[in-house]
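Chain by chain, the residues run as shown.
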Amino acid sequence: MRKLKLEMQVSLDGFTAGADGDVSWMVWPWSEGWSWDDALRAHHNNLTTTSDCILISGRMAEEGFCDHWERVASDAENPQSIFAAAIVATRKLVVTRTIPSSRWKNAELFRGDLADGIARLKREPGRDILAYGGPTLASALMDAQLIDEMYIYINPAVLGQGRKVLKDIRERAELMARSATCYPCGVVVLEYVVKHSGRS
């Protein structure tokens with residue numbers, strides 16, 4: 001069965017963004033200049049290239065995720081262009097109840113029951129599925145016991161308040177630490193295998 005992998009950038013105190021949505025505290029806030037070191041870029045690229053489906057929230061799509069990578073992919077001089085082209089070419093599922101239609105390349109809208117739909121997707125042949133949180137999407141996936149592995153990119157910043165990485169979780173999950181790696185740019189990546197209660 002395909003794995004669902006969650007990748008999220010967070011602050012040291014567990015926020016994905018400031019209270020006003022600010023992400024300028026991230027070492028690399030998905031901006032034009034790629035301020036991660038080469039080793040961390042390679043780690044991130046490997047997660048992308050070993051997946052053939054990307055899962056994002058409607059909010060992330062509306063805030064410019066797809067538009068940004070389509071623009072970067074079109075600029076051959078940008079060092080991120082090869083990675084960006086892979087994102088553009090990969091099938092994307094946008095989880096939403098409000099967006100009327102997809103305006104992005106290789107992006108489909110997902111409106112059905114999340115637990116049933118993603119469980120079916122995991123049973124389909126193919127490579128792994130990569131989810132970019134969004135705390136709302138990440139929490140829904142965790143609560144539905146769909147996440148198999150977590151890749152948490154901890155940035156060297158403390159916010160004090162903001163959007164928590166996970167919220168309103170009702171189902172217990174145990175995490176088995178697989179690795180913790182500190183990269184030269186200051187980001188620490190924690191890798192976990194997720195074991196949900198009631199699931200072997």
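Reading the values: rules and limits
Residues numbered from 1 in each chain as written. Predicted model: local features only at pLDDT ≥ 70, side-chain atom pairs only at ≥ 80, totals over all residues. Heavy atoms only, no water. Buried < 20%, exposed > 50% of the residue type's maximum accessible area, 1.4 Å probe, protein only. Helix = DSSP H or I, 4+ residues; strand = E, 2+ residues; numbered from the N terminus. Pairing = 2+ DSSP bridges. Axes fitted to C-alpha atoms, helices over the stretch in contact; angles between N-to-C directions. Contact = heavy atoms within 4.5 Å. Phe/Tyr/Trp six-rings, centres within 6.5 Å; stacked < 30°, edge-to-face > 60°. Lys NZ or Arg CZ within 6 Å of the ring centre and 35° of its normal. Core = buried A, V, L, I, M, F, W, Y, C linked by side-chain atoms within 4.5 Å. Arc of directions from axis to C-beta. Salt bridge = Lys/Arg side-chain N within 4 Å of Asp/Glu carboxyl O.

**Q** How should the pairing of strand β3 (residues 51-57) be read in this particular structure?
**A** Taken across its 7 residues, β3 has 6 buried, putting it largely inside the fold. Relative to strand β6 (residues 128-132), β3 runs parallel, the two sharing 4 bridges. Counted as the bridge partner of S51 is D128 from β6. Judged from the 5 bridges that link them, β3 and strand β4 (residues 91-95) form a sheet pairing that is parallel. Paired with S57 across the bridge in β4 is V95.

**Q** Which parts of the structure should I look at to understand the sheet that holds strand β10 (residues 188-196)?
**A** One key point about sheets: their strands pair by backbone hydrogen bonds, in either a parallel or an antiparallel sense. Spatially, β5-β4-β3-β6-β1-β7-β10-β9 is the arrangement adopted by the 8 strands of the open sheet, whose pairing is mixed. For this open sheet the edge positions go to β5 (107-110) and β9 (173-182), each flanked by a neighbour on one side alone. Between one strand axis and the next, the sheet turns through 25° on average, direction left out of account. Bridge count for strand β1 (residues 4-11) against strand β7 (residues 149-155) is 7 bridges, and the pairing is parallel. By the bridge assignment, V10 is partnered in β7 with I154. Running over the sheet, helix α1 (residues 38-49) touches β1, β3, β6, β7 and β10 and is turned about 150° from β7.

**Q** I tried to follow the packing of aromatic side chains on my own but got confused; where do I start?
**A** Note on aromatic pairs: each is described by the distance of the centres and the angle between the planes. Applying the stated criterion across every chain yields a total of 5 aromatic pairs. Ring geometry for W28 against W36: centres 4.7 Å apart, planes inclined by 75°, an arrangement best described as edge-to-face. As far as burial versus exposure is concerned, W28 and W36 are alike and both buried. Through a chain of ring-to-ring contacts, three or more aromatic side chains come together here, namely W28, W36, W69, F83 and Y153. Looking at K164, its charged tip hangs above the ring of F15, at a distance of 4.9 Å from the centre.

**Q** Help me understand the nonpolar core, please; the structure alone is not making it clear to me.
**A** The tendency in soluble globular proteins is for nonpolar side chains to be buried as a group. I56, F65, W69, Y132 and Y153 are the most contacted members of the largest nonpolar core, which totals 28 residues. Sorting the residues of this core by element identifies α1, β3, α2 (58-62), α3 (65-73), α4 (81-89), β6 and β7 as the ones contributing at least two each. Excluding its chain neighbours within four sequence positions, the residues that come into contact with F65 are I56, M60, I87 and Y132. Membership of the second largest hydrophobic core comes to 25 residues, among which are V10, I118, L121 and V165.

**Q** Would you explain the environment of R127 in this entry?
**A** Residue position: R127 is located in the loop between α5 (114-123) and β6. Each C-alpha atom, one on R127 and one on L4, is 9.8 Å from the other, the two residues being 123 residues apart in sequence. Apart from residues no more than four positions distant in its own chain, R127 is found in contact with R2, T49, T50, S51 and D52.

**Q** Help me understand the side chain of T48 in this model?
**A** Within the element layout of this structure, T48 appears in helix α1. Using a relative accessible area of 3% as the deciding quantity, one classes T48 as buried. Here T48 is in contact with F83, I87, L130 and Y132, once residues within four sequence places are set aside.

**Q** It is not clear to me how α3 should be interpreted in this structure. Could you clarify?
**A** Residues lying three or four places apart along an α-helix face the same way, a consequence of the helix completing one turn every 3.6 residues. Restricting attention to buried positions, one finds in α3 the residues F65, C66, H68, W69 and V72. The buried residues of α3 occupy an angular sector of 160° when projected down its axis, which confines them to one face. Where α3 is buried, its residues touch β3, α2, α4, β4 and β6.

**Q** Teacher, can you tell me more about the pattern of salt bridges here?
**A** Pairing between side chains of opposite charge can happen when their charged atoms approach one another. In total, this model carries 13 salt bridges according to the counting rule given. For the salt bridge of E108 with R91, the shortest nitrogen-to-oxygen distance reads 2.8 Å. Here R91 lies in strand β4 and E108 lies in strand β5, a separation of 17 residues in the sequence. Where D148 meets K122, a salt bridge forms, and the shortest distance between an N and an O atom there is 2.8 Å. Residue D148 is located in the loop between α6 (135-143) and β7, and its partner K122 is located in helix α5; the two are separated by 26 residues in the primary sequence. Given a relative accessible area of 4%, K122 falls into the buried group. Linked by salt bridges that have partners in common, R2, D52, R91, E108 and E124 make up one network.

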